[in-house]
Amino acid sequence: MGPEIHYTNTLYRHPSFPNGAPCKRYWVAPGIMVGGSILDAKDGEFLASHGITHVFSVETEHDDVGKVGAMKDAMRVPFPDTGGEIPEAVVRAAATFFQKVVTEGGKVYVHCQQGGSRSPAIAYAMLRSVGSSKEEVLSSIRHARRDNWGEHQFHQTYLASIERALCS
């Protein structure tokens, strides 16, 4: 699938990280890389050099205008990282988008601002939408994010809302 990629998310501002936060991009499945904001056009080129052909953003904080270059497609369906339910429309958009990526033989970069809650949840939705089992997907995400993916309340709420949306 490829190595984990470490970088500094300079778009993330927090008193603990005045110069940007440490961030990771990681493959949760052969066709899905998860992480935080795309920093600029050069960063978009970097992602493309790792085989990324599509981008799906759920980030509310920044958009990807001018950052994705020659990638085939990019979609932004933002929702806030508040721990509330993921809107069904977001889950359905992610599922439809991923089915297109699979059909085209592409690879998608799914991102939020930091890559810790929203983007792995959306990667979960994408993989579940193409028939992967809940256990298989959770195992893949846990393995990829082995140092920081506890199923805290945000994750539990996100996953439950995804399951409801996919079953309706």
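Provided above is the structure to which this section pertains.
None of the values given here were measured: they were computed from a predicted structure.

**What about the overall build of the protein?**
Turning to step 1, where the next piece is worked out: The number of helices and strands found in the protein is 5 helices and 6 strands.
Turning to step 2, where the next piece is worked out: Written out in order from the N terminus, the α and β elements of the protein read β-β-β-α-β-β-α-β-α-α-α.
Turning to step 3, where the next piece is worked out: Projecting the C-alpha coordinates of the protein onto the three principal axes gives extents of approximately 40 × 35 × 25 Å.
Turning to step 4, where the next piece is worked out: Among the 168 residues that make up the protein, the fraction classed as buried is 48%.
Turning to step 5, where the next piece is worked out: Long-range pairs, those at least 24 residues apart, make up 63% of the contacts in the protein with a sequence separation of at least 6.
Turning to step 6, where the next piece is worked out: Summed over its atoms, the accessible surface of the protein is roughly 7700 Å², and 55% of this surface lies on carbon and sulfur atoms.
Turning to step 7, where the next piece is worked out: Once the 17 positive and 18 negative side-chain charges of the protein are each reduced to a mean point, those two points are 2 Å apart.

**Let's talk about the packing of helix α2 (residues 88-103) against helix α3 (residues 118-129)**
Turning to step 1, where the next piece is worked out: Across the interface, α2 lies against α3 with an axial gap of 8 Å and an inter-helix angle of 60°. It follows from the interaxial angle that α2 and α3 lie oblique. The two elements α2 and α3 cross, and the hand of that crossing is right-handed. For the pair formed by α2 and α3, the contact residues are Val-90, Val-91, Ala-94, Ala-95, Phe-97, Phe-98 and Gln-99 on the first element and Ile-122, Ala-125, Met-126, Leu-127 and Ser-129 on the second.
Turning to step 2, where the next piece is worked out: Of the residues contributing to the contact of α2 with α3, the split by class is 10 nonpolar, 2 polar and no charged.

**Let's talk about the side chain of Ser-132**
Turning to step 1, where the next piece is worked out: Assignment of secondary structure puts Ser-132 in the loop between α3 and α4 (134-144).
Turning to step 2, where the next piece is worked out: Assessed through its relative accessible area of 16%, Ser-132 is described here as buried.
Turning to step 3, where the next piece is worked out: Apart from the residues within four sequence positions on either side, Ser-132 is in contact with Leu-127 and Val-137.

**Quick word on the sheet that holds strand β4 (residues 54-57)**
Turning to step 1, where the next piece is worked out: As summarised here, the arrangement of the 6 strands in space is β1-β2-β3-β6-β4-β5, forming an open sheet in which the pairing is mixed. At either margin of the open sheet sits one strand with a lone partner, and together these are β1 (5-9) and β5 (73-76). Going from strand to strand, the sheet's axes swing by 20° on average, the running direction of each strand aside.
Turning to step 2, where the next piece is worked out: Note that β1 and strand β2 (residues 21-29) share 5 bridges and pair antiparallel. Looking across to β2, one finds that Ile-5 is bridged to Arg-25.

**Points about α2**
Turning to step 1, where the next piece is worked out: For α2, with 16 residues, the first-to-last C-alpha span of 23 Å sits near the 22 Å given by 1.5 Å per residue.
Turning to step 2, where the next piece is worked out: Regarding α2, the residues found buried are Val-90, Val-91, Ala-93, Ala-94, Ala-95, Phe-97, Phe-98 and Val-101.

**Things to note about the nonpolar core**
In summary, soluble globular proteins display a tendency toward joint burial of nonpolar side chains.
Turning to step 1, where the next piece is worked out: Within the largest apolar cluster, 35 residues are counted, with the highest numbers of intra-cluster contacts made by Val-28, Ile-32, Phe-56, Ile-86, Val-108, Ile-122 and Met-126.
Turning to step 2, where the next piece is worked out: Within the residue set of this core, elements represented by two or more residues are β2, β3 (32-35), α2, β6 (108-111), α3, α4 and α5 (153-167).
Turning to step 3, where the next piece is worked out: Beyond its immediate chain neighbours, meaning those up to four positions away, Phe-56 contacts Met-75, Val-77, Val-90, Ala-93, Ala-94, Phe-97, Val-108, Tyr-109, Val-110, His-111, Ile-122 and Met-126.
Turning to step 4, where the next piece is worked out: Residues Tyr-7, Ile-38, Leu-47 and Tyr-109 belong to the second largest nonpolar core, which totals 12 residues.

**Here's the deal with α3**
Residue pairs three or four apart in sequence face the same way in an α-helix, which turns once every 3.6 residues.
Turning to step 1, where the next piece is worked out: Compared with an ideal rise of 1.5 Å per residue, which puts 12 residues at 16 Å, α3 spans 16 Å between its outermost C-alpha atoms and is within 8% of the ideal.
Turning to step 2, where the next piece is worked out: Buried residues dominate α3, accounting for 10 of its 12 residues.
Turning to step 3, where the next piece is worked out: All buried positions along α3 are accounted for by Arg-118, Ser-119, Pro-120, Ala-121, Ile-122, Ala-123, Tyr-124, Ala-125, Met-126 and Leu-127.
Turning to step 4, where the next piece is worked out: Following α3 by one or two positions, Gly-131 adopts a phi angle in the positive range, close to 100°.

Calculation rules
Residues numbered from 1 in each chain as written. Predicted model: local features only at pLDDT ≥ 70, side-chain atom pairs only at ≥ 80, totals over all residues. Heavy atoms only, no water. Helix = DSSP H or I, 4+ residues; strand = E, 2+ residues; numbered from the N terminus. Buried < 20%, exposed > 50% of the residue type's maximum accessible area, 1.4 Å probe, protein only. Contact = heavy atoms within 4.5 Å. Areas by Shrake-Rupley, 256 points an atom, 1.4 Å probe, with all protein chains shown as cover. Lys, Arg positive; Asp, Glu negative; His and termini not counted. Charge placed at Lys NZ, Arg CZ, Asp CG, Glu CD. Axes fitted to C-alpha atoms, helices over the stretch in contact; angles between N-to-C directions. Parallel < 35°, antiparallel > 145°, perpendicular 65-115°, else oblique. Left-handed = near helix turned anticlockwise from the far one by under 90°. Nonpolar A, V, L, I, M, F, W, Y, C, P; charged D, E, K, R; others polar. Pairing = 2+ DSSP bridges. Expected span 1.5 Å × (residues − 1). Core = buried A, V, L, I, M, F, W, Y, C linked by side-chain atoms within 4.5 Å.

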